[in-house]
Amino acid sequence: MNFDRFKTDNFDFVNYTQLTVEEMRVLLDGRNSPEIRKWMYNPEPITWEDHVNYIKSLNTRKDCVYWAIFHEGRMIGSQCLNPYESVTKIGYLGKFLFPESQGKGLGYKYTYEFLRYVFSNGIVNAINAETKISNERNIKVNKSLGFVEIGQNHDYVQLTLTKDAFLERFVNIG
């Protein structure tokens, strides 16, 4: 399966390893925004050198895949499966939407199109997600797409979605 890039109805998903230097800078600036960092496992700012080294490391890794999301030619965020297990086809969903793109319905739309693509193309059979309890917007988006809560601890809500449940919910997948 080629994970370099794919296009859905409204978005282009480009593997981090395929980004230009300028696109890598846009991605880092978005990731380092305080409005994004507050939801991350590692909320500390990332240096340019660490960012570049991490992206380079993705060339040889098989346990995760990261894509920058483009809408109308402009990068708006990021989507990943980390970790991703190619044998069981189970991935953990990670995503963020740049602050200037929030509140426009794009988060729901790109997540839906991403799920439709990865499920209908056999990339995953199930996707799990772990979201900070305080990130109510992301939890709402995920649940509206069929994710169900399977656990919770002091800081995080754990959610899951199977291919069958998604396809059953959205039967008109093309």
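The following refers to the structure shown. Small disclaimer: the values here were computed from a predicted structure and weren't measured.

Definitions and limits used
- Within every chain, residues take consecutive numbers counted from 1 along the sequence as written.
- For a predicted model such as this one, the threshold for reporting local features is a pLDDT of at least 70, and the threshold for listing and counting side-chain atom pairs is 80 or more; totals across whole chains, interfaces and linings nevertheless cover every residue.
- Think of the side-chain values as coming from all heavy atoms in the structure, minus any hydrogens and water.
- What makes a nonpolar core is a set of buried Ala, Val, Leu, Ile, Met, Phe, Trp, Tyr and Cys residues whose side-chain atoms join them at distances within 4.5 Å.
- Relative accessible area decides the class of each residue, using a 1.4 Å probe on protein chains only: under 20% of the type maximum gives buried, over 50% gives exposed, and in between gives partly exposed.
- Helix and strand definitions here come from DSSP, where helices need a minimum of 4 consecutive H or I residues and strands a minimum of 2 consecutive E residues; each element is numbered from the N-terminal end.
- Contacts: residue pairs with any heavy atoms within 4.5 Å of one another.
- By convention, a stacked pair of Phe, Tyr or Trp rings (six-membered ring in the case of Trp) has centres within 6.5 Å and planes under 30 degrees apart, an edge-to-face pair has planes over 60 apart, and any other such pair is tilted.
- What counts as an axis is a line fitted to C-alpha atoms, over the stretch in contact for a helix, and the angles between N-to-C directions run from 0 to 180 degrees.
- Crossing chirality is assigned from the near helix's rotation relative to the far helix, an anticlockwise turn below a right angle marking it left-handed and a clockwise turn marking it right-handed.
- Residues are grouped as follows: nonpolar covers Ala, Val, Leu, Ile, Met, Phe, Trp, Tyr, Cys and Pro; charged covers Asp, Glu, Lys and Arg; every other residue, Gly included, is treated as polar.
- Along the arc lie the directions from the helix axis toward the C-beta atoms.
- By this rule the span expected of a helix is its residue count minus one, scaled by 1.5 Å.

Before going further, it helps to spend a moment on the nonpolar core. Phe 114, Leu 115 and Ile 127 are the most contacted members of the largest nonpolar core, which has 33 residues in total. Looking at this core, the elements that each hand over two or more residues are strand S3 (65–71), strand S4 (74–85), strand S5 (90–97), helix H4 (106–120), strand S6 (126–132), helix H5 (136–144) and strand S8 (156–162). The greatest single-element share of this core, amounting to eight residues, is contributed by H4. Residues in contact with Ile 127, not counting those within four places in the same chain, are Leu 81, Gly 91, Leu 93, Phe 114, Leu 115, Val 118, Phe 119, Phe 147, Leu 159, Thr 160 and Leu 161. The next biggest cluster of nonpolar side chains, apart from the first, holds 18 residues, and it includes Tyr 16, Leu 27, Ile 55 and Leu 58.

Turning our attention to the packing of aromatic side chains. What characterises a pair of aromatic rings is the spacing of the ring centres plus the angle enclosed by the ring planes. Tallying each qualifying case throughout the model produces 17 aromatic pairs. Consider the rings of Phe 6 and Trp 67, whose centres lie 5.6 Å apart with planes at 75°: the pair is edge-to-face. A residue pair is termed long-range when its members are at least 10 positions apart, and Phe 6 in strand S1 (residues 5–7) and Trp 67 in strand S3 qualify at 61 residues. Using a relative accessible area of 1% as the deciding quantity, one classes Trp 67 as buried. Both rings, one in Trp 67 and one in Phe 114, keep their centres 5.4 Å apart while their planes meet at 65°; by these two values the pair is edge-to-face. Of this pair, Trp 67 sits in strand S3 while Phe 114 sits in helix H4, and the two are 47 residues apart along the sequence.

Let us look at the packing of helix H1 (residues 21–31) against helix H3 (residues 48–57). Their axes nearest at 11 Å, the elements H1 and H3 cross at an angle of 115°. Between H1 and H3 lies a crossing whose hand is right-handed. Residues Val 21, Met 24, Arg 25, Leu 27 and Leu 28 of H1 pack against Trp 48, His 51, Val 52 and Ile 55 of H3. Residue composition of the contact of H1 with H3, grouped by class: seven nonpolar, one polar and one charged.

In this section: H3. Within the sequence span of H3, burial applies to His 51, Val 52 and Ile 55. What you see down the axis of H3 is that its buried residues fit within an arc of 95°, all on one side. Exposed residues lying more than 90 degrees from the buried face of H3 are Glu 49 and Lys 56. Buried-residue contacts for H3 involve H1.

Here we take up H4. In this model H4 runs 21 Å from its N-terminal to its C-terminal C-alpha over 15 residues, within 8% of the 21 Å that 1.5 Å per residue would give. Among the 15 residues that make up H4, twelve are buried, leaving the element largely enclosed by the rest of the structure. For H4, the set of buried residues is Leu 106, Gly 107, Tyr 110, Thr 111, Tyr 112, Glu 113, Phe 114, Leu 115, Arg 116, Tyr 117, Val 118 and Phe 119. Looking one or two residues past H4, Gly 122 carries a phi angle of roughly 70°, positive in sign.

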